[in-house]
Amino acid sequence: MTAPLPLVFDAPRRGMPPRHLADLDAEGRRAAMAELGLPKFRADQIARQYYGRLQADPAAMTDLPAAVRDTIAGALFPPLLTPVRHIACDSGETRKTLWRAGDGTLLESVLMRYPDRATLCISSQAGCGMACPFCATGQGGLNRNLSTAEIVDQVRAAAADLRDGAVPGGAGRLSNIVFMGMGEPLANYKRVVNAVRRITSAAPDGLGISQRNVVVSTVGLAPAIRKLADEGLSVTLAVSLHTPDDELRDTLVPVNNRWPVAEVLAAARYYADKTGRRISVEYALIRDINDHPWRADMLGAKLHKALGSRVHVNVIPLNPTPGSKWDASPKPVEREFVRRVEAQGVPCTVRDTRGQEIAAACGQLAAEG
Ligand code: SAH
C-alpha cells in the first residue's frame, strides 16, 4: 500500500482526550520526561507501573517521590475511563463494563471467561459510522474515535480486575483481545495499530498479550487491510462478510458500495500472504435474508478460490436488535448452511453467543447503555 489513505481512515482529533501515558511509545515517554523536567529513567519506571503492575493511579505508584507523582498525574494521567457499571451474565462468566470517558462519551467492553482463556471484546470508536442495518451500534452513527490510551486502558483495567480476582471465577490472566466492540477499528487506523502495539509489547513497553491472540475485525476497508498487512504484526484479521454477493452486501454492509466483495477478498488474500495468518470470516446468519443454501455454496466457493485453506468461517446467529424485524435462522437451516460451506473445503463453525441477555453480544454494545 503506497497510495495515501482516504480521509475516512483517520478522522480529525475531534474531542480526543488530553495526552495519556498509554498514547506514547518508549521514545514519546522519554520526550515527555524531558518536557516535565524529569530524568529519563522515570519513563521506564512509570511504564513498569502502568503496563507491568497495571497501575493507572499515580498516587499509588509508591516507588516514585510524591512530587513526581503529582507532576505526572496532571501531565500524563488525565481522567480516561471511569466504570459506570458492570453487568454480569452467563453465571458470571461474561461481564460487560460501561465506561464513561473524560468528556462524558460512553463506551463498553465485554470480558468473557472460558476454561482455557479469558477474552476481552473492546471498542475502538464510540459509536460507528458503517451503518450496518442489523447492528445496534451502527444505528446510532459515529460519536468519535477513541484515543490509543482509551483503547489500551480497557485492556489494562480488565487485566487488573482478573489478576486481582475482582471478576467471578477467581483470579486469572487476560489472554485474548478481540476488536469486536463498538466501532470500525480500521476507520481509526493509526490509534488502533498503536494500541495493538501497546497491548502486545512486553512490559515495560506494553501489556504482553500475544499478537496471535488478538483479532482485529473489520467491515472490509480494503486499502486499510493491505496497510495493516504491511505493519509486521501477526494479529488475526476477521472480515465481516455476511454474504458472498454484492447485491445483498451493498445493503447489509453499506461500505461494500465502495469496496465490493472481490476487493475485500483480494485484500484478505494479501493479508494472509503477508502475515501467514488464517483469515477469519464473520457471517451473521439472518433468517430468510442471507441463510439460503445457494449463498452457502457461493460463500464456500468464493472463499476457497480466494484463500484456499487459509480461511475459517464463523457463523454468528443474529442477535436481534430492539425493534428489528430480522431474526436468527432456525437451527436446521444453520446446520445446512454450515454443512454446505464445509463441503466446499472451508472450515465453518457456529460462534457461541455469550452475553445475549445483557445486550453484550458483539455489535450490541452501546445502544442500551
Ligand atoms: N466494525 C467491526 C467490528 C465490530 S462488530 C466489524 O464490523 O467487523 C463485530 C462483529 O459482530 C461483526 O462481524 C458484526 O457484523 C457482528 N454483529 C453486529 N451486530 C450483530 C448482531 N446484531 N448479531 C450478530 N452479529 C452482529
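Structure shown above.
Predicted, not measured: the structure shown is a model, and the values here were computed from it. Sequence order as written defines the numbering, with residues in each chain counted from 1. It should be noted that, the model being predicted, local features are given only for residues of pLDDT at least 70 and side-chain atom pairs only at 80 or more, the latter also being counted only at that level, while totals for whole chains, interfaces and linings use all residues. Each side-chain value is derived from all of the structure's non-hydrogen atoms; neither hydrogens nor water enter the calculation.

Right, let's get into the overall build of the protein. Secondary structure elements are taken from DSSP: a helix is a run of H or I of four residues or more, a strand is a run of E of two residues or more, and numbering for both begins at the N terminus. A count of helices and strands for the protein gives eleven helices and twelve strands. A radius of gyration in this sense is built from C-alpha atoms; the matching globule rule multiplies 2.2 Å by the number of residues raised to 0.38. In terms of overall dimensions, the protein is globule-like: its C-alpha atoms have a radius of gyration of 21 Å, near the 21 Å expected for 369 residues. Each of the three principal axes of the protein carries a C-alpha extent, and together these read 70 × 50 × 35 Å. Throughout this description, buried means an accessible area under 20% of the type-specific maximum (1.4 Å probe, protein chains only), exposed means over 50%, and partly exposed covers the range between. For the protein, the residues scored as buried account for 54% of the 369 residues in total. Any two residues whose heavy atoms approach within 4.5 Å at even a single point are treated as in contact. Long-range pairs, those at least 24 residues apart, make up 67% of the contacts in the protein between residues at least 6 apart in sequence. Residue exposure ignores everything except the shown protein chains as possible cover, and the areas themselves are Shrake-Rupley values with a 1.4 Å probe. As presented, the protein carries roughly 14,800 Å² of accessible surface, and 51% of it is formed by carbon and sulfur atoms. When charges are counted, Lys and Arg contribute as positive and Asp and Glu as negative, whereas His and the chain ends are disregarded. Note on charges: their place is set at NZ of Lys, CZ of Arg, CG of Asp or CD of Glu. Taking the average place of the 45 positive charges on the side chains of the protein and the average place of its 39 negative ones, the gap between the two points comes to 4 Å.

Next up on the list: the site of the ligand. Being near a molecule or strand, for a residue, comes down to having at least one heavy atom within 4 Å of it. The environment of the ligand is made up of 20 residues, and the closest members are G183, S217, S240, H242 and N319. What qualifies as a polar contact is a pair of N or O atoms within 3.5 Å, subject to a donor-acceptor requirement within protein and to the restriction that residues adjacent in sequence count only when both atoms come from side chains. Take G183: an N or O atom from its main chain is 3.0 Å from a nitrogen atom of the ligand. Bound to the protein, the ligand loses 96% of the 530 Å² it would expose on its own.

This part is about helix α9 (residues 261–275). Take the number of residues in a helix, subtract one, and multiply by 1.5 Å to get its expected span. Over its 15 residues, α9 runs 21 Å from end to end, which matches the ideal 21 Å to within 8%, given 1.5 Å per residue. Along α9, the positions that sit buried rather than exposed are V261, V264, L265, A267, A268, Y271, A272 and T275. Viewed end-on, α9 has its buried residues packed into an arc of 160°, placing them on one side of the element. Looking at the buried side of α9, the elements it contacts are α7 (222–229), β9 (236–240), α8 (246–252), β10 (279–285) and α10 (293–307). Count one or two residues on from α9 and you reach G276, which has phi positive near 75°. Comment: arc refers to directions from the helix axis out to C-beta atoms.

Attention now goes to empty space enclosed by the protein. Only protein atoms enter the 1 Å grid used here. Points where a 1.4 Å probe fits but cannot escape make up a cavity, open sets with protein on both sides within 12 Å along at least five of seven lines make up a pocket, and a residue lines them when an atom lies within 4 Å of a point. Grid points are joined across faces, edges and corners, and a volume is the space filled by probe spheres set on the points. This model, assessed by the stated rule, comprises two cavities of 30 Å³ or more. Space inside the largest cavity adds up to approximately 50 Å³. Counting only elements with at least two residues in the lining of the largest cavity, the list comes to β2 (94–101), β3 (106–113) and α5 (148–163). It is α5 that provides the largest number of residues to the lining of the largest cavity, a total of four residues.

This next bit is on the environment of I122. Inspection of the secondary structure assignment puts I122 in the loop between β4 (118–121) and β5 (125–127). Taking relative accessible area as the criterion, I122 reaches 1% and is therefore assigned buried. Taking the C-alpha atoms as reference points, I122 and G232, 110 residues apart in sequence, are found 22 Å from one another.

Glancing now at the packing of helix α1 (residues 26–36) against helix α2 (residues 41–52). The axes of two packed helices give the description: the angle between them and the distance between them. What counts as an axis is a line fitted to C-alpha atoms, over the stretch in contact for a helix, and the angles between N-to-C directions run from 0 to 180 degrees. Following both chains from N to C, one finds α1 and α2 inclined at 125°, their axes separated by 9 Å at the closest point. Here α2 runs oblique to α1, going by the angle between their axes. For the element pair α1 and α2, the recorded crossing hand is right-handed. Residues R29, R30 and M33 of α1 lie in contact with α2, whose contacting residues are R42, A43, I46, A47 and Y51. Only Asp, Glu, Lys and Arg are considered charged, only Ala, Val, Leu, Ile, Met, Phe, Trp, Tyr, Cys and Pro nonpolar, and every remaining residue, Gly among them, polar. Considering only residue class, the contact of α1 with α2 consists of five nonpolar, no polar and three charged. Should an angle fall under 35 degrees it is taken as roughly parallel, and over 145 as roughly antiparallel, whereas 65 to 115 is taken as roughly perpendicular and any remaining angle as oblique. Put simply, a crossing is left-handed when the front helix is turned counterclockwise from the back one by less than a right angle, and right-handed when it is turned clockwise.

A rise of 1.5 Å per residue sets the reference length of α5, with its 16 residues, at 22 Å; its end C-alpha atoms lie 23 Å apart and thus fit the reference within 8%. Within α5, 14 of the 16 residues are buried, leaving the element largely enclosed by the surrounding structure. Downstream of α5 by one or two residues, G165 has phi in the positive range, about 70°.

Before going further, it helps to examine the state of the cysteines. Cysteine sulfur atoms are paired as a disulfide whenever they come within 2.5 Å of each other. Applying the stated rule across the entire model yields zero disulfides. For the unlinked cysteine C132, the closest cysteine sulfur is that of C135, found at 6.3 Å.

With respect to the helices, strands and loops of the structure, G92 is situated in the loop between β1 (81–89) and β2. Residue G92 is classed as buried on the basis of its relative accessible area, which comes to 10%.

Bringing the layout of surface pockets into the picture now. Considering only enclosed or pocket space, the second largest pocket measures out at about 270 Å³ in volume. Residue lining of the second largest pocket: 19 residues in total, with A56, L81, D153, R156 and A157 positioned closest to the centre. Secondary structure elements with two or more residues in the lining of the second largest pocket: β1 and α5. Here the lining of the second largest pocket takes six residues from α5, the largest share from any one element.

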